[in-house]
Amino acid sequence: MKIEVSATFRKAQGTGASRRLRKTGRVPGIIYGDGEPTLIDVDHNNLYHNLRKESFHASILTLELDGKKEQVLLRDFQMHPFRQQVQHIDFQRVSKDKKVHMKVPLHFINADIAPGVKVNGGIISHVMNDLNIACLPDDLPEFVEVDLASLAMGHSIHVSDLKLPKGVTAAGHGHIGDAVVATVQIPRGAVEAEAAAAAEAAAAAAAPAAGAAPAAAKSAAKPAAKPAAEAKK
């Protein structure tokens, strides 16, 4: 899905200039990457609604700057501490022949038919919700799919188990392939109920033994009292 952003050149810089720009419904921003950084401003409302789209954060965007179009990636943005207002936006230029590193969302499917859920009543725990990848711009996926159809109780899906699109590799430090993406666990309530049942069973088993102890003590005391009575005679 192609997403286009319209921008204009921004000449004024500084806190005061940015504040005045925001009052007119524009958002100050910058484009960096190959070549010189370019100061821009974009329409706030259009940008705000785009930021609510998942694809806007993990897609090659077409930015039109005063009639000229170029390919960019969203790299950063700042929001007002308590208002629904975008304060600043950063874009990075991309080249078709240079790999990009992006964080893309994970989409989990078939959780309802996973054996650990359907048969054993477990719940899926999402250890990761997005994945760092490296690829050429034309190969950049909007998301990576995680199929949970064969996930059994106590088992996990790792990054190495994911079917990544052609030309896409997982990026990260160390043994990224060993990183856990999702697992099936016993619901916490079921664990607590099982522990409570075990405690009750242990208490019930201990009760007869506790009742037998005083009786045994009384029986042991009677023979000892008998010789004392005979000695009195």
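**Examining helix α2 (residues 44–51)**
- Here α2 has its buried residues at His44, Leu47, Tyr48, Asn50 and Leu51. For α2, the buried positions fall inside an angular range of 165 degrees around the axis, keeping them on one side.
- Of the surrounding secondary structure, the elements contacted by the buried residues of α2 are β1 (3–9), β2 (26–32), β3 (38–43), β5 (68–79) and β6 (86–93).
- One side-chain oxygen of the residue at the start of α2 lies 3.4 Å from the amide nitrogen of Asn45, identifying that residue as Asp43.

**Considering the pattern of salt bridges**
- Applying the stated criterion to the full structure yields four salt bridges.
- We note a salt bridge from Glu4 to Lys69, for which the minimum N-O separation is 3.5 Å. Residue Glu4 is located in strand β1, and its partner Lys69 is located in strand β5; the two are separated by 65 residues in the primary sequence.
- For Glu70, the salt bridge identified is with Arg93, shortest N-O distance 3.0 Å. Highlighted residues: Glu70 in strand β5 and Arg93 in strand β6, separated in sequence by 23 residues.

**Notes on helix α1 (residues 15–23)**
- Along α1, the positions that sit buried rather than exposed are Ala17, Ser18 and Leu21. The buried side chains of α1 occupy one side of the element, clustering within an arc of 100 degrees when seen end-on. Away from the buried face of α1 by more than 90 degrees, exposed residues Thr15, Arg20 and Lys23 are located.
- Packing partners of the buried residues in α1 comprise β2 and β3.
- Gly25 lies just past α1 and shows a positive phi near 85 degrees.

**Side note on the nonpolar core**
- Ranked by size, the top nonpolar core spans 25 residues in total, and within it Leu140 and Val181 carry the most contacts.
- Elements that contribute at least two residues to this core include exactly β7 (100–109), β9 (130–135), β10 (144–147) and β13 (180–185).
- With four residues, the single largest contributor to this core is β7.
- Non-local contacts of Leu140, meaning those with residues more than four positions away in its chain, are made with Ala58, Ser59, Ile60, Leu73, Met102, Val104, Ile133 and Cys135.
- Counting residues in hydrophobic clusters, the runner-up holds 19 residues, among them Phe56, Leu63, Ile89 and Phe91.

**Description of the sheet that holds strand β4 (residues 61–65)**
- The sheet built from six strands closes into a barrel, its strands ordered β1-β3-β2-β6-β5-β4 with mixed pairing. For this sheet, the mean inter-axis angle between neighbouring strands, taken without regard to orientation, is 45 degrees.
- With four bridges joining them, β2 and β6 adopt parallel strand pairing. Across the sheet, Tyr32 pairs through a bridge with Gln92, a residue of β6.
- Where α1 meets the sheet, it contacts β2, β3 and β6, and its direction lies at approximately 125 degrees from that of β2.

**Structural notes on the sheet that holds strand β11 (residues 156–158)**
- Here three strands make up an open sheet; going across it, the order is β8-β13-β11 and the pairing antiparallel. The open sheet is flanked by β8 (123–126) and β11, the only strands paired with a single partner. When the angles between neighbouring strand axes are averaged without regard to direction, this sheet yields 15 degrees.
- In this structure, β11 lies alongside β13, joined through three bridges in antiparallel fashion. Bridge assignment links Ser156 to a residue of β13, and that residue is Thr183.

**Side note on the pairing of β2**
- As paired elements, β2 and β3 share six bridges and run antiparallel to each other. Opposite Gly29, over in β3, you have Ile40 as the bridge partner.

Cut-offs applied
Residues numbered from 1 in each chain as written. Predicted model: local features only at pLDDT ≥ 70, side-chain atom pairs only at ≥ 80, totals over all residues. Heavy atoms only, no water. Buried < 20%, exposed > 50% of the residue type's maximum accessible area, 1.4 Å probe, protein only. Helix = DSSP H or I, 4+ residues; strand = E, 2+ residues; numbered from the N terminus. Arc of directions from axis to C-beta. Contact = heavy atoms within 4.5 Å. Polar contact = N/O pair within 3.5 Å; in protein donor to acceptor, adjacent residues only side chain to side chain. Salt bridge = Lys/Arg side-chain N within 4 Å of Asp/Glu carboxyl O. Core = buried A, V, L, I, M, F, W, Y, C linked by side-chain atoms within 4.5 Å. Pairing = 2+ DSSP bridges. Axes fitted to C-alpha atoms, helices over the stretch in contact; angles between N-to-C directions.

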